[in-house]
Amino acid sequence: MNLSDEQLPPLTDDLLKDGLVRVPPGFAESVVLALSREAISAAPSEVRPLTIEPPSRWQWLGIALGTALGLGPLLSFVFGIWISATAY
Amino acid sequence: MKPSPESDDLPTDDPIVFGRIVIRYERSIFGFLGRMGFVQADTEELAQEVFLRAWRHRHQFDPDRGRLSTWLFTIAKNLAVNEIDRSRRAPAGSAAGVDIVDLADPAPANDPAVRFEANRQITQLRTALLAMSLNDRTAIALFYVHDLSNEEAAELVNCSIGSFRTRLSRARQRLALVMQQGVIDES
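Residues numbered from 1 in each chain as written. Chains lettered and ligands numbered in written order. Predicted model: local features only at pLDDT ≥ 70, side-chain atom pairs only at ≥ 80, totals over all residues. Heavy atoms only, no water.

Focus: the overall build of chain B
- Counting its secondary structure elements, chain B contains 7 helices and 0 strands.
- Counting from the amino terminus, chain B carries its helices and strands in the arrangement α-α-α-α-α-α-α.
- Expressed as a percentage of its 187 residues, the buried residues of chain B come to 51%.
- A separation of at least 24 residues holds for 65% of the contacts in chain B among residues at least 6 apart in sequence.
- Of the roughly 9400 Å² that chain B leaves accessible, carbon and sulfur atoms contribute 51%. (Helix = DSSP H or I, 4+ residues; strand = E, 2+ residues; numbered from the N terminus. Buried < 20%, exposed > 50% of the residue type's maximum accessible area, 1.4 Å probe, protein only. Contact = heavy atoms within 4.5 Å. Areas by Shrake-Rupley, 256 points an atom, 1.4 Å probe, with all protein chains shown as cover.)

Description of the packing of aromatic side chains
Residue and element names in this part refer to chain B.
- Within the structure shown, the criterion is met by 7 aromatic pairs over all chains.
- Judged by centre distance (5.9 Å) and plane angle (90°), the ring pair of F32 and F73 falls under edge-to-face. Within this pair, whereas F32 is found in helix α1 (residues 15-35), its partner F73 is found in helix α3 (residues 68-89), the two being separated by 41 residues in sequence. You'll find F32 and F73 in the same group, each marked buried.
- Between F61 and W71, the ring centres sit 5.3 Å apart and the planes meet at 50°, which makes this aromatic pair tilted. (Phe/Tyr/Trp six-rings, centres within 6.5 Å; stacked < 30°, edge-to-face > 60°.)

Some points on the packing of helix α2 (residues 27-42) of chain A against helix α2 (residues 40-56) of chain B
- Where α2 of chain A contacts α2 of chain B, the two axes come as close as 10 Å, and the packing angle between them is 40°. Here α2 of chain A is positioned oblique relative to α2 of chain B, judged by the angle of their axes. Between α2 of chain A and α2 of chain B lies a crossing whose hand is right-handed. Across the interface between the two elements, F27, S30, V31, A34, L35, E38 and A39 of chain A from α2 of chain A touch E44, A47, Q48, F51, L52, W55 and R56 of chain B from α2 of chain B.
- Across the contact of α2 of chain A with α2 of chain B, the residue classes tally to 9 nonpolar, 2 polar and 3 charged. (Axes fitted to C-alpha atoms, helices over the stretch in contact; angles between N-to-C directions. Parallel < 35°, antiparallel > 145°, perpendicular 65-115°, else oblique. Left-handed = near helix turned anticlockwise from the far one by under 90°. Nonpolar A, V, L, I, M, F, W, Y, C, P; charged D, E, K, R; others polar.)

What about helix α4 (residues 112-131) of chain B?
- The end-to-end C-alpha separation of α4 of chain B is 28 Å, in line with the 28 Å expected for 20 residues at 1.5 Å each.
- When α4 of chain B is considered as a whole, its buried residues turn out to be N119, Q121, I122, L125, R126, A128 and L129 of chain B.
- For α4 of chain B, the secondary structure elements touched by its buried residues are α1 (10-18) of chain A together with α1, α5 (134-143) and α7 (161-181) of chain B. (Expected span 1.5 Å × (residues − 1).)

Okay, here's the thing in C-alpha coordinates:
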(Lines give C-alpha, C1' and ligand atoms only; values in the text may rest on other atoms or scores of the structure.)
Protein backbone atom coordinates (compact mmCIF):
# COMPACT_ATOMS: atom_id res chain seq x y z
CA MET A 1 0.00 0.00 0.00
CA ASN A 2 1.45 3.34 -1.07
CA LEU A 3 1.40 5.76 1.81
CA SER A 4 3.91 8.21 0.41
CA ASP A 5 1.27 10.93 0.20
CA GLU A 6 0.66 10.84 3.93
CA GLN A 7 4.10 10.10 5.35
CA LEU A 8 4.33 10.36 9.08
CA PRO A 9 7.52 11.58 10.74
CA PRO A 10 9.93 8.62 10.94
CA LEU A 11 9.94 8.63 14.74
CA THR A 12 6.15 8.59 14.86
CA ASP A 13 6.11 5.75 12.37
CA ASP A 14 8.64 3.79 14.44
CA LEU A 15 6.66 4.34 17.64
CA LEU A 16 3.49 3.16 15.95
CA LYS A 17 5.29 0.06 14.69
CA ASP A 18 6.53 -0.65 18.23
CA GLY A 19 3.03 -0.18 19.56
CA LEU A 20 3.79 2.24 22.45
CA VAL A 21 3.67 -0.54 25.03
CA ARG A 22 5.84 -3.51 25.92
CA VAL A 23 5.07 -7.15 26.47
CA PRO A 24 6.11 -7.66 30.09
CA PRO A 25 8.49 -10.55 30.80
CA GLY A 26 6.60 -13.71 31.68
CA PHE A 27 3.34 -12.55 30.12
CA ALA A 28 2.77 -15.79 28.18
CA GLU A 29 3.53 -17.84 31.30
CA SER A 30 0.97 -15.89 33.33
CA VAL A 31 -1.64 -16.44 30.61
CA VAL A 32 -0.89 -20.18 30.48
CA LEU A 33 -1.17 -20.31 34.27
CA ALA A 34 -4.57 -18.62 34.14
CA LEU A 35 -5.65 -21.01 31.36
CA SER A 36 -4.48 -24.02 33.38
CA ARG A 37 -6.45 -22.85 36.42
CA GLU A 38 -9.50 -22.43 34.24
CA ALA A 39 -9.01 -25.84 32.63
CA ILE A 40 -8.70 -27.52 36.03
CA SER A 41 -11.80 -25.82 37.42
CA ALA A 42 -13.74 -26.72 34.27
CA ALA A 43 -12.66 -30.38 34.23
CA PRO A 44 -15.25 -32.93 35.43
CA SER A 45 -14.64 -34.28 38.93
CA GLU A 46 -12.79 -37.61 39.21
CA VAL A 47 -14.80 -38.67 42.28
CA ARG A 48 -17.44 -41.17 41.26
CA PRO A 49 -20.90 -40.45 42.59
CA LEU A 50 -22.17 -42.85 45.26
CA THR A 51 -24.89 -44.99 43.81
CA ILE A 52 -26.65 -47.93 45.47
CA GLU A 53 -27.34 -50.65 42.96
CA PRO A 54 -29.62 -53.62 43.66
CA PRO A 55 -27.74 -56.93 44.35
CA SER A 56 -27.13 -59.19 41.41
CA ARG A 57 -28.41 -62.78 41.18
CA TRP A 58 -25.21 -64.27 42.64
CA GLN A 59 -25.30 -61.76 45.46
CA TRP A 60 -28.87 -62.82 46.30
CA LEU A 61 -27.75 -66.47 46.35
CA GLY A 62 -24.86 -65.59 48.69
CA ILE A 63 -27.20 -63.72 51.00
CA ALA A 64 -29.61 -66.69 51.11
CA LEU A 65 -26.85 -69.22 51.82
CA GLY A 66 -25.35 -67.00 54.51
CA THR A 67 -28.71 -66.55 56.12
CA ALA A 68 -29.37 -70.32 56.10
CA LEU A 69 -25.94 -71.08 57.57
CA GLY A 70 -26.38 -68.41 60.24
CA LEU A 71 -29.87 -69.52 61.22
CA GLY A 72 -28.71 -73.08 61.99
CA PRO A 73 -26.62 -72.28 65.11
CA LEU A 74 -29.15 -69.68 66.25
CA LEU A 75 -32.01 -72.16 66.13
CA SER A 76 -29.82 -74.78 67.87
CA PHE A 77 -29.10 -72.31 70.67
CA VAL A 78 -32.78 -71.40 71.09
CA PHE A 79 -33.76 -75.10 70.98
CA GLY A 80 -31.11 -75.93 73.62
CA ILE A 81 -32.47 -73.25 75.98
CA TRP A 82 -35.99 -74.53 75.45
CA ILE A 83 -34.93 -78.13 76.19
CA SER A 84 -33.10 -77.01 79.32
CA ALA A 85 -36.01 -74.89 80.51
CA THR A 86 -38.57 -77.65 80.07
CA ALA A 87 -36.44 -80.56 81.37
CA TYR A 88 -38.10 -80.59 84.81
CA MET B 1 -8.12 -14.46 -2.27
CA LYS B 2 -9.11 -16.57 0.64
CA PRO B 3 -6.31 -16.89 3.18
CA SER B 4 -5.04 -20.36 3.84
CA PRO B 5 -5.73 -21.76 7.30
CA GLU B 6 -2.79 -22.12 9.67
CA SER B 7 -3.38 -25.70 10.66
CA ASP B 8 -0.46 -25.71 13.11
CA ASP B 9 -2.03 -22.84 15.00
CA LEU B 10 -5.45 -24.29 15.60
CA PRO B 11 -6.58 -23.67 19.15
CA THR B 12 -5.95 -26.67 21.34
CA ASP B 13 -7.39 -27.98 24.58
CA ASP B 14 -3.94 -28.12 26.13
CA PRO B 15 -3.09 -24.82 27.89
CA ILE B 16 0.64 -25.43 27.42
CA VAL B 17 0.25 -25.87 23.67
CA PHE B 18 -2.08 -22.87 23.56
CA GLY B 19 0.80 -20.95 25.14
CA ARG B 20 2.61 -21.13 21.78
CA ILE B 21 -0.21 -19.15 20.24
CA VAL B 22 0.14 -16.60 23.05
CA ILE B 23 3.88 -16.28 22.43
CA ARG B 24 3.37 -15.93 18.70
CA TYR B 25 0.74 -13.19 18.86
CA GLU B 26 1.42 -11.38 22.15
CA ARG B 27 3.55 -8.64 20.55
CA SER B 28 1.00 -7.96 17.82
CA ILE B 29 -1.87 -7.85 20.30
CA PHE B 30 0.03 -5.53 22.66
CA GLY B 31 0.99 -3.28 19.76
CA PHE B 32 -2.58 -3.08 18.53
CA LEU B 33 -3.93 -2.24 22.00
CA GLY B 34 -1.17 0.30 22.57
CA ARG B 35 -2.03 2.06 19.30
CA MET B 36 -5.66 2.06 20.36
CA GLY B 37 -4.51 4.36 23.16
CA PHE B 38 -4.40 2.03 26.14
CA VAL B 39 -1.70 2.52 28.74
CA GLN B 40 0.64 -0.28 29.76
CA ALA B 41 -1.38 -1.63 32.71
CA ASP B 42 -4.68 -1.61 30.80
CA THR B 43 -3.03 -3.19 27.78
CA GLU B 44 -1.70 -6.07 29.89
CA GLU B 45 -5.14 -6.67 31.37
CA LEU B 46 -6.90 -6.51 28.01
CA ALA B 47 -4.32 -8.67 26.24
CA GLN B 48 -4.74 -11.35 28.90
CA GLU B 49 -8.50 -11.17 28.42
CA VAL B 50 -8.07 -11.54 24.63
CA PHE B 51 -6.22 -14.83 25.08
CA LEU B 52 -8.56 -16.05 27.82
CA ARG B 53 -11.57 -15.42 25.59
CA ALA B 54 -9.86 -17.09 22.66
CA TRP B 55 -9.25 -20.10 24.89
CA ARG B 56 -12.81 -20.18 26.20
CA HIS B 57 -14.27 -19.96 22.70
CA ARG B 58 -11.58 -22.01 20.94
CA HIS B 59 -14.12 -24.50 19.62
CA GLN B 60 -15.92 -21.69 17.78
CA PHE B 61 -12.84 -20.96 15.66
CA ASP B 62 -13.44 -22.11 12.09
CA PRO B 63 -10.28 -22.21 9.93
CA ASP B 64 -12.46 -22.29 6.82
CA ARG B 65 -13.81 -18.83 7.63
CA GLY B 66 -10.48 -17.11 8.19
CA ARG B 67 -7.05 -17.21 9.72
CA LEU B 68 -6.36 -17.52 13.42
CA SER B 69 -4.78 -14.06 13.44
CA THR B 70 -7.97 -12.52 12.04
CA TRP B 71 -10.04 -14.31 14.66
CA LEU B 72 -7.74 -13.15 17.48
CA PHE B 73 -7.78 -9.54 16.29
CA THR B 74 -11.55 -9.63 16.00
CA ILE B 75 -11.64 -10.51 19.70
CA ALA B 76 -9.04 -7.85 20.49
CA LYS B 77 -10.83 -5.15 18.50
CA ASN B 78 -14.21 -5.92 20.07
CA LEU B 79 -12.71 -5.90 23.56
CA ALA B 80 -10.88 -2.64 22.91
CA VAL B 81 -13.95 -0.90 21.50
CA ASN B 82 -16.12 -2.15 24.38
CA GLU B 83 -13.55 -0.96 26.90
CA ILE B 84 -13.34 2.48 25.27
CA ASP B 85 -17.15 2.74 25.26
CA ARG B 86 -17.25 1.66 28.88
CA SER B 87 -14.58 4.14 29.95
CA ARG B 88 -16.40 6.96 28.16
CA ARG B 89 -19.45 6.25 30.31
CA ALA B 90 -17.39 5.92 33.49
CA PRO B 91 -16.96 8.86 35.89
CA ALA B 92 -14.23 11.33 35.00
CA GLY B 93 -10.77 10.27 36.11
CA SER B 94 -11.38 6.54 35.92
CA ALA B 95 -11.45 6.29 32.14
CA ALA B 96 -8.88 3.81 30.91
CA GLY B 97 -8.04 5.67 27.73
CA VAL B 98 -7.67 9.04 29.38
CA ASP B 99 -4.71 8.15 31.51
CA ILE B 100 -2.04 9.30 29.14
CA VAL B 101 0.69 9.85 31.69
CA ASP B 102 2.14 6.39 31.33
CA LEU B 103 5.84 5.96 30.99
CA ALA B 104 5.90 2.88 28.82
CA ASP B 105 9.46 2.26 27.83
CA PRO B 106 9.67 0.34 24.56
CA ALA B 107 13.41 0.86 24.25
CA PRO B 108 15.02 0.89 27.67
CA ALA B 109 17.97 3.23 27.62
CA ASN B 110 20.52 3.95 30.28
CA ASP B 111 20.60 7.64 29.50
CA PRO B 112 17.81 9.35 31.47
CA ALA B 113 17.59 12.11 28.87
CA VAL B 114 16.99 9.59 26.09
CA ARG B 115 14.36 7.81 28.18
CA PHE B 116 12.68 11.07 29.02
CA GLU B 117 12.55 12.09 25.37
CA ALA B 118 11.20 8.67 24.35
CA ASN B 119 8.49 8.88 27.00
CA ARG B 120 7.62 12.39 25.92
CA GLN B 121 7.21 11.24 22.32
CA ILE B 122 5.07 8.29 23.41
CA THR B 123 2.86 10.51 25.53
CA GLN B 124 2.50 13.02 22.68
CA LEU B 125 1.63 10.28 20.20
CA ARG B 126 -0.86 8.66 22.57
CA THR B 127 -2.49 12.04 23.16
CA ALA B 128 -2.78 12.52 19.41
CA LEU B 129 -4.25 9.03 18.94
CA LEU B 130 -6.79 9.57 21.71
CA ALA B 131 -7.86 12.81 20.10
CA MET B 132 -8.75 10.98 16.87
CA SER B 133 -12.08 9.35 16.16
CA LEU B 134 -12.39 5.70 17.13
CA ASN B 135 -12.71 4.62 13.48
CA ASP B 136 -9.53 6.46 12.46
CA ARG B 137 -7.64 5.15 15.47
CA THR B 138 -8.76 1.59 14.77
CA ALA B 139 -7.67 1.88 11.13
CA ILE B 140 -4.19 3.06 12.17
CA ALA B 141 -3.94 0.44 14.92
CA LEU B 142 -4.81 -2.37 12.50
CA PHE B 143 -2.60 -1.10 9.69
CA TYR B 144 0.57 -1.73 11.70
CA VAL B 145 -0.35 -5.31 12.61
CA HIS B 146 2.03 -7.47 10.59
CA ASP B 147 -0.17 -10.55 10.98
CA LEU B 148 -3.04 -8.92 9.08
CA SER B 149 -3.37 -8.05 5.42
CA ASN B 150 -5.16 -4.84 4.47
CA GLU B 151 -8.09 -6.95 3.23
CA GLU B 152 -8.36 -8.63 6.64
CA ALA B 153 -8.07 -5.29 8.43
CA ALA B 154 -10.87 -3.90 6.24
CA GLU B 155 -12.99 -6.94 7.07
CA LEU B 156 -12.40 -6.34 10.77
CA VAL B 157 -13.78 -2.80 10.55
CA ASN B 158 -16.65 -3.93 8.30
CA CYS B 159 -15.78 -1.91 5.22
CA SER B 160 -14.41 -2.47 1.75
CA ILE B 161 -10.70 -2.40 1.10
CA GLY B 162 -11.15 0.87 -0.79
CA SER B 163 -12.94 2.51 2.13
CA PHE B 164 -10.32 1.21 4.52
CA ARG B 165 -7.50 2.72 2.46
CA THR B 166 -9.32 6.04 2.27
CA ARG B 167 -9.96 6.02 6.01
CA LEU B 168 -6.37 5.07 6.73
CA SER B 169 -4.97 7.76 4.44
CA ARG B 170 -7.14 10.41 6.06
CA ALA B 171 -6.27 9.18 9.56
CA ARG B 172 -2.53 9.29 8.84
CA GLN B 173 -2.80 12.79 7.43
CA ARG B 174 -4.59 13.94 10.56
CA LEU B 175 -2.11 12.21 12.80
CA ALA B 176 0.82 13.77 10.93
CA LEU B 177 -0.81 17.18 11.30
CA VAL B 178 -1.42 16.68 15.01
CA MET B 179 2.12 15.51 15.60
CA GLN B 180 3.55 18.50 13.73
CA GLN B 181 1.23 21.24 14.94
CA GLY B 182 -0.80 19.77 17.77
CA VAL B 183 -3.99 20.51 15.82
CA ILE B 184 -6.98 18.20 15.42
CA ASP B 185 -8.62 18.64 12.03
CA GLU B 186 -12.09 17.11 12.31
CA SER B 187 -13.21 18.27 8.84
